[in-house]
Amino acid sequence: MEYSKKVVLITGASSGIGRAVAIALSQYNNSIVITARRNDLLESAAGEIRENGSECMPYAGDALDPAHADRVVSEMINKFGRIDIAILNIGQGPPSNTLTAPREKILHCMRTNYDTMINFYYPLMQQMKQQKTRCMIAHMNSQATYFGIPMQGDYTAAKSAARIFLETARMELKHFGYNHIVIQTIHPGFVDTAASRGDGIPAPNQISEEKTAEYVLKGIKKEMRENIFPPGMKFATKFGKISPYWLLTKVLLSQTPEKY
Ligand SMILES: NC(=O)c1ccc[n+]([C@@H]2O[C@H](COP(=O)([O-])OP(=O)(O)OC[C@H]3O[C@@H](n4cnc5c(N)ncnc54)[C@H](OP(=O)(O)O)[C@@H]3O)[C@@H](O)[C@H]2O)c1
(Lines give C-alpha, C1' and ligand atoms only; values in the text may rest on other atoms or scores of the structure.)
Protein backbone atom coordinates (compact mmCIF):
# COMPACT_ATOMS: atom_id res chain seq x y z
CA MET A 1 0.00 0.00 0.00
CA GLU A 2 1.28 3.46 -0.85
CA TYR A 3 1.85 5.66 2.20
CA SER A 4 1.41 9.15 0.82
CA LYS A 5 -1.73 11.32 1.02
CA LYS A 6 -3.24 8.86 3.49
CA VAL A 7 -5.25 9.26 6.66
CA VAL A 8 -3.09 7.56 9.27
CA LEU A 9 -3.60 6.72 12.95
CA ILE A 10 -0.58 5.88 15.11
CA THR A 11 -1.19 4.98 18.75
CA GLY A 12 1.60 5.35 21.29
CA ALA A 13 3.43 7.98 19.24
CA SER A 14 4.74 10.19 22.07
CA SER A 15 8.09 8.35 22.14
CA GLY A 16 10.15 5.49 20.74
CA ILE A 17 9.10 3.48 17.70
CA GLY A 18 5.65 5.06 17.35
CA ARG A 19 7.11 8.55 17.25
CA ALA A 20 9.83 7.52 14.77
CA VAL A 21 7.25 5.94 12.44
CA ALA A 22 5.07 9.07 12.65
CA ILE A 23 8.04 11.28 11.75
CA ALA A 24 8.99 8.99 8.86
CA LEU A 25 5.42 9.05 7.49
CA SER A 26 5.24 12.84 7.88
CA GLN A 27 7.58 13.22 4.90
CA TYR A 28 4.86 11.92 2.54
CA ASN A 29 2.08 14.50 2.81
CA ASN A 30 -0.19 12.48 5.08
CA SER A 31 -2.91 13.41 7.57
CA ILE A 32 -1.63 11.87 10.79
CA VAL A 33 -3.44 11.39 14.09
CA ILE A 34 -1.15 10.49 16.99
CA THR A 35 -2.17 9.34 20.46
CA ALA A 36 -0.57 8.66 23.86
CA ARG A 37 -0.98 9.91 27.44
CA ARG A 38 1.93 12.40 27.64
CA ASN A 39 0.48 15.48 25.95
CA ASP A 40 3.69 17.57 25.97
CA LEU A 41 5.57 14.87 24.05
CA LEU A 42 2.64 14.41 21.65
CA GLU A 43 2.57 18.17 20.94
CA SER A 44 6.30 18.17 20.25
CA ALA A 45 5.94 15.21 17.83
CA ALA A 46 3.02 17.02 16.16
CA GLY A 47 5.21 20.10 15.62
CA GLU A 48 7.86 18.03 13.88
CA ILE A 49 5.26 16.25 11.73
CA ARG A 50 3.83 19.60 10.56
CA GLU A 51 7.30 20.96 9.81
CA ASN A 52 7.77 17.97 7.51
CA GLY A 53 4.64 18.95 5.55
CA SER A 54 1.96 16.64 6.92
CA GLU A 55 -1.21 17.55 8.78
CA CYS A 56 -1.29 16.34 12.39
CA MET A 57 -3.91 15.94 15.11
CA PRO A 58 -2.45 14.91 18.50
CA TYR A 59 -4.95 13.22 20.76
CA ALA A 60 -3.98 12.66 24.41
CA GLY A 61 -5.67 9.89 26.37
CA ASP A 62 -5.36 6.53 28.05
CA ALA A 63 -5.91 3.63 25.64
CA LEU A 64 -6.95 1.41 28.55
CA ASP A 65 -10.20 3.37 28.38
CA PRO A 66 -12.35 2.10 25.46
CA ALA A 67 -14.14 5.48 25.31
CA HIS A 68 -10.82 7.17 24.40
CA ALA A 69 -10.35 4.85 21.40
CA ASP A 70 -13.99 5.30 20.29
CA ARG A 71 -13.60 9.09 20.44
CA VAL A 72 -10.35 9.14 18.44
CA VAL A 73 -11.81 6.95 15.68
CA SER A 74 -15.11 8.86 15.49
CA GLU A 75 -13.32 12.25 15.38
CA MET A 76 -11.13 10.96 12.56
CA ILE A 77 -14.21 9.89 10.60
CA ASN A 78 -15.91 13.26 11.23
CA LYS A 79 -12.84 15.12 9.99
CA PHE A 80 -11.49 12.93 7.19
CA GLY A 81 -14.34 10.53 6.33
CA ARG A 82 -12.04 7.50 6.31
CA ILE A 83 -8.98 5.86 7.89
CA ASP A 84 -6.44 4.33 5.50
CA ILE A 85 -3.70 3.06 7.81
CA ALA A 86 -3.89 2.39 11.57
CA ILE A 87 -0.67 1.45 13.33
CA LEU A 88 -1.54 0.15 16.80
CA ASN A 89 1.81 0.53 18.49
CA ILE A 90 1.09 0.82 22.23
CA GLY A 91 2.95 -1.69 24.34
CA GLN A 92 5.59 -2.11 27.00
CA GLY A 93 7.65 -5.04 28.26
CA PRO A 94 9.76 -4.23 31.32
CA PRO A 95 11.68 -7.21 32.75
CA SER A 96 9.50 -9.57 34.71
CA ASN A 97 9.94 -12.83 36.62
CA THR A 98 7.08 -15.35 36.54
CA LEU A 99 8.11 -16.64 39.99
CA THR A 100 8.01 -13.31 41.79
CA ALA A 101 6.04 -10.74 39.75
CA PRO A 102 2.94 -9.48 41.55
CA ARG A 103 -0.38 -10.46 39.99
CA GLU A 104 -1.19 -6.82 39.19
CA LYS A 105 2.06 -6.35 37.23
CA ILE A 106 1.39 -9.47 35.13
CA LEU A 107 -2.17 -8.41 34.39
CA HIS A 108 -1.13 -4.82 33.67
CA CYS A 109 1.27 -6.11 31.02
CA MET A 110 -1.61 -7.93 29.31
CA ARG A 111 -3.79 -4.82 29.49
CA THR A 112 -1.09 -2.55 28.07
CA ASN A 113 -0.17 -4.85 25.19
CA TYR A 114 -3.48 -6.58 24.43
CA ASP A 115 -6.42 -4.56 25.77
CA THR A 116 -5.16 -1.28 24.30
CA MET A 117 -4.96 -2.93 20.90
CA ILE A 118 -8.49 -4.36 21.14
CA ASN A 119 -9.85 -1.00 22.35
CA PHE A 120 -8.75 0.55 19.03
CA TYR A 121 -9.25 -2.53 16.85
CA TYR A 122 -12.98 -2.68 17.55
CA PRO A 123 -14.07 0.79 16.32
CA LEU A 124 -11.51 0.62 13.49
CA MET A 125 -12.90 -2.67 12.21
CA GLN A 126 -16.50 -1.39 12.38
CA GLN A 127 -15.42 1.64 10.34
CA MET A 128 -13.16 -0.13 7.85
CA LYS A 129 -15.81 -2.73 6.98
CA GLN A 130 -17.90 0.17 5.62
CA GLN A 131 -15.09 1.68 3.59
CA LYS A 132 -14.64 0.71 -0.05
CA THR A 133 -10.97 1.60 -0.51
CA ARG A 134 -7.98 -0.47 0.58
CA CYS A 135 -7.04 0.05 4.23
CA MET A 136 -4.79 -1.53 6.83
CA ILE A 137 -4.61 -2.29 10.54
CA ALA A 138 -1.00 -2.95 11.54
CA HIS A 139 -0.09 -4.04 15.06
CA MET A 140 3.33 -3.45 16.63
CA ASN A 141 4.05 -6.90 17.95
CA SER A 142 7.54 -8.25 18.68
CA GLN A 143 9.65 -11.29 17.95
CA ALA A 144 9.00 -12.10 21.62
CA THR A 145 5.68 -13.61 20.54
CA TYR A 146 6.40 -17.13 19.29
CA PHE A 147 7.68 -18.85 22.46
CA GLY A 148 8.32 -18.12 26.15
CA ILE A 149 11.42 -16.07 26.97
CA PRO A 150 12.89 -15.70 30.48
CA MET A 151 12.41 -12.14 31.87
CA GLN A 152 9.54 -11.60 29.41
CA GLY A 153 6.87 -14.15 30.40
CA ASP A 154 3.97 -11.69 30.77
CA TYR A 155 5.04 -9.74 27.66
CA THR A 156 5.43 -12.78 25.37
CA ALA A 157 2.02 -14.03 26.56
CA ALA A 158 0.35 -10.69 25.75
CA LYS A 159 2.05 -10.32 22.37
CA SER A 160 1.18 -13.86 21.32
CA ALA A 161 -2.46 -13.30 22.31
CA ALA A 162 -2.53 -10.24 20.05
CA ARG A 163 -0.84 -12.09 17.19
CA ILE A 164 -3.27 -15.01 17.31
CA PHE A 165 -6.31 -12.71 17.53
CA LEU A 166 -5.22 -10.84 14.41
CA GLU A 167 -4.34 -14.06 12.58
CA THR A 168 -7.95 -15.12 13.10
CA ALA A 169 -9.25 -11.71 12.02
CA ARG A 170 -7.31 -12.08 8.77
CA MET A 171 -8.97 -15.44 8.09
CA GLU A 172 -12.42 -14.10 8.91
CA LEU A 173 -12.00 -11.04 6.69
CA LYS A 174 -11.31 -13.43 3.83
CA HIS A 175 -14.20 -15.69 4.80
CA PHE A 176 -16.71 -12.84 4.92
CA GLY A 177 -15.38 -11.15 1.78
CA TYR A 178 -13.76 -8.00 3.21
CA ASN A 179 -10.80 -8.26 0.90
CA HIS A 180 -9.97 -4.54 1.03
CA ILE A 181 -8.81 -4.72 4.69
CA VAL A 182 -5.19 -5.73 5.28
CA ILE A 183 -4.13 -7.00 8.71
CA GLN A 184 -0.43 -6.86 9.41
CA THR A 185 1.67 -7.76 12.43
CA ILE A 186 5.03 -6.05 12.82
CA HIS A 187 7.76 -7.96 14.65
CA PRO A 188 10.87 -5.91 15.43
CA GLY A 189 13.81 -7.52 17.16
CA PHE A 190 15.51 -5.35 19.79
CA VAL A 191 15.16 -1.60 19.26
CA ASP A 192 17.13 1.03 21.14
CA THR A 193 14.38 3.19 22.69
CA ALA A 194 14.29 5.09 25.98
CA ALA A 195 11.86 2.47 27.28
CA SER A 196 14.14 -0.50 26.59
CA ARG A 197 17.51 1.16 27.24
CA GLY A 198 19.23 -0.23 30.33
CA ASP A 199 16.34 -2.55 31.25
CA GLY A 200 18.78 -5.46 31.78
CA ILE A 201 17.22 -7.67 29.10
CA PRO A 202 19.95 -8.93 26.72
CA ALA A 203 19.47 -7.16 23.37
CA PRO A 204 21.55 -8.77 20.60
CA ASN A 205 21.42 -7.26 17.13
CA GLN A 206 19.75 -4.08 18.41
CA ILE A 207 18.70 -1.46 15.83
CA SER A 208 17.77 2.24 16.05
CA GLU A 209 14.25 3.73 16.08
CA GLU A 210 14.93 5.32 12.68
CA LYS A 211 16.00 2.02 11.11
CA THR A 212 12.90 0.41 12.62
CA ALA A 213 10.71 3.08 10.99
CA GLU A 214 12.33 2.30 7.62
CA TYR A 215 11.44 -1.38 8.03
CA VAL A 216 7.89 -0.47 9.06
CA LEU A 217 7.35 1.69 5.96
CA LYS A 218 8.73 -1.06 3.74
CA GLY A 219 6.29 -3.54 5.31
CA ILE A 220 3.34 -1.22 4.71
CA LYS A 221 4.30 -0.72 1.07
CA LYS A 222 4.62 -4.48 0.49
CA GLU A 223 1.47 -5.24 2.54
CA MET A 224 3.38 -7.97 4.35
CA ARG A 225 1.28 -10.27 6.53
CA GLU A 226 4.08 -10.47 9.10
CA ASN A 227 6.90 -7.93 8.92
CA ILE A 228 9.81 -9.54 10.83
CA PHE A 229 13.15 -7.69 11.08
CA PRO A 230 16.12 -7.20 11.22
CA PRO A 231 17.29 -10.25 9.23
CA GLY A 232 19.75 -11.53 11.90
CA MET A 233 17.07 -11.66 14.60
CA LYS A 234 14.54 -13.04 12.12
CA PHE A 235 16.88 -15.96 11.48
CA ALA A 236 17.47 -16.52 15.23
CA THR A 237 13.72 -16.48 15.89
CA LYS A 238 13.09 -18.94 13.07
CA PHE A 239 15.69 -21.22 14.64
CA GLY A 240 13.94 -20.86 18.01
CA LYS A 241 10.57 -21.76 16.47
CA ILE A 242 11.80 -25.09 15.10
CA SER A 243 14.18 -25.99 17.96
CA PRO A 244 13.29 -28.74 20.43
CA TYR A 245 12.27 -27.37 23.83
CA TRP A 246 15.46 -28.55 25.58
CA LEU A 247 17.68 -26.73 23.06
CA LEU A 248 15.58 -23.54 23.11
CA THR A 249 15.73 -23.52 26.92
CA LYS A 250 19.50 -24.05 26.92
CA VAL A 251 20.15 -21.23 24.43
CA LEU A 252 17.80 -18.74 26.13
CA LEU A 253 19.11 -19.48 29.63
CA SER A 254 22.70 -19.01 28.41
CA GLN A 255 21.72 -15.37 27.70
CA THR A 256 19.74 -14.83 30.91
CA PRO A 257 21.32 -12.88 33.81
CA GLU A 258 21.77 -14.95 36.97
CA LYS A 259 19.64 -12.66 39.14
CA TYR A 260 16.67 -10.41 38.28
N1 LIG B 1 11.98 -1.35 22.07
C2 LIG B 1 12.03 -2.60 21.65
O3 LIG B 1 13.08 -3.27 21.73
C4 LIG B 1 10.81 -3.25 21.03
C5 LIG B 1 10.99 -4.45 20.35
C6 LIG B 1 9.89 -5.07 19.77
C7 LIG B 1 8.64 -4.51 19.89
N8 LIG B 1 8.48 -3.35 20.59
C9 LIG B 1 7.14 -2.80 20.69
O10 LIG B 1 7.12 -1.50 20.10
C11 LIG B 1 6.12 -0.70 20.73
C12 LIG B 1 6.74 0.62 21.17
O13 LIG B 1 7.75 0.37 22.12
P14 LIG B 1 8.91 1.43 22.46
O15 LIG B 1 10.13 0.66 22.80
O16 LIG B 1 8.94 2.47 21.41
O17 LIG B 1 8.38 2.02 23.85
P18 LIG B 1 7.73 3.44 24.29
O19 LIG B 1 8.58 4.56 23.82
O20 LIG B 1 7.45 3.31 25.74
O21 LIG B 1 6.39 3.47 23.46
C22 LIG B 1 5.16 3.09 23.99
C23 LIG B 1 4.14 4.13 23.59
O24 LIG B 1 2.85 3.70 24.04
C25 LIG B 1 2.27 4.75 24.82
N26 LIG B 1 1.42 4.13 25.84
C27 LIG B 1 1.77 3.23 26.78
N28 LIG B 1 0.72 2.91 27.54
C29 LIG B 1 -0.32 3.65 27.07
C30 LIG B 1 -1.68 3.78 27.45
N31 LIG B 1 -2.20 3.09 28.47
N32 LIG B 1 -2.47 4.64 26.76
C33 LIG B 1 -1.96 5.36 25.74
N34 LIG B 1 -0.68 5.28 25.33
C35 LIG B 1 0.12 4.42 25.99
C36 LIG B 1 3.44 5.55 25.39
O37 LIG B 1 3.10 6.89 25.59
P38 LIG B 1 2.61 7.56 26.98
O39 LIG B 1 3.48 7.01 28.06
O40 LIG B 1 2.81 9.02 26.69
O41 LIG B 1 1.18 7.18 27.11
C42 LIG B 1 4.42 5.48 24.21
O43 LIG B 1 4.12 6.49 23.27
C44 LIG B 1 5.56 -1.54 21.87
O45 LIG B 1 4.38 -2.19 21.45
C46 LIG B 1 6.65 -2.57 22.12
O47 LIG B 1 6.13 -3.75 22.69
C48 LIG B 1 9.54 -2.69 21.16
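Owing to the predicted nature of the structure, the values given are computational and were not obtained by experimental measurement. (Residues numbered from 1 in each chain as written. Predicted model: local features only at pLDDT ≥ 70, side-chain atom pairs only at ≥ 80, totals over all residues. Heavy atoms only, no water.)

## Describing the sheet that holds strand β5 (residues 135-140)
Stage number 1. Across the sheet, which stays open at both edges, the seven strands sit in the order β3-β2-β1-β4-β5-β6-β7 with parallel pairing between neighbours. This sheet does not close on itself; its edge strands, each paired only once, are β3 (55-60) and β7 (226-229). Pairs of neighbouring strands in the sheet enclose a mean axial angle of 15°, with direction left out of account.
Stage number 2. Of the strand pairs in this sheet, strand β1 (residues 7-11) and strand β4 (residues 85-88) are connected by four bridges, and their pairing is parallel. (Pairing = 2+ DSSP bridges. Helix = DSSP H or I, 4+ residues; strand = E, 2+ residues; numbered from the N terminus. Axes fitted to C-alpha atoms, helices over the stretch in contact; angles between N-to-C directions.)

## Thoughts on the site of the ligand
Stage number 1. Taken together, 30 residues are adjacent to the ligand, and S15, R37, R38, Y155 and T193 come closest.
Stage number 2. Between the ligand and the protein, one listed contact pairs an oxygen atom with a side-chain N or O atom of R38 at 2.7 Å.
Stage number 3. At 2.5 Å from an oxygen atom of the ligand is found a side-chain nitrogen or oxygen belonging to Y155.
Stage number 4. Isolated, the ligand exposes 870 Å² of accessible area, and the fraction of that covered by the protein chains is 94%.
Stage number 5. Elements that contribute at least two residues to the shell around the ligand include exactly α1 (16-25) and α5 (153-175).
Stage number 6. Broken down by class, the residue content of the shell around the ligand amounts to twelve nonpolar, 14 polar and four charged. (Near = heavy atom within 4 Å. Polar contact = N/O pair within 3.5 Å; in protein donor to acceptor, adjacent residues only side chain to side chain. Areas by Shrake-Rupley, 256 points an atom, 1.4 Å probe, with all protein chains shown as cover. Nonpolar A, V, L, I, M, F, W, Y, C, P; charged D, E, K, R; others polar.)

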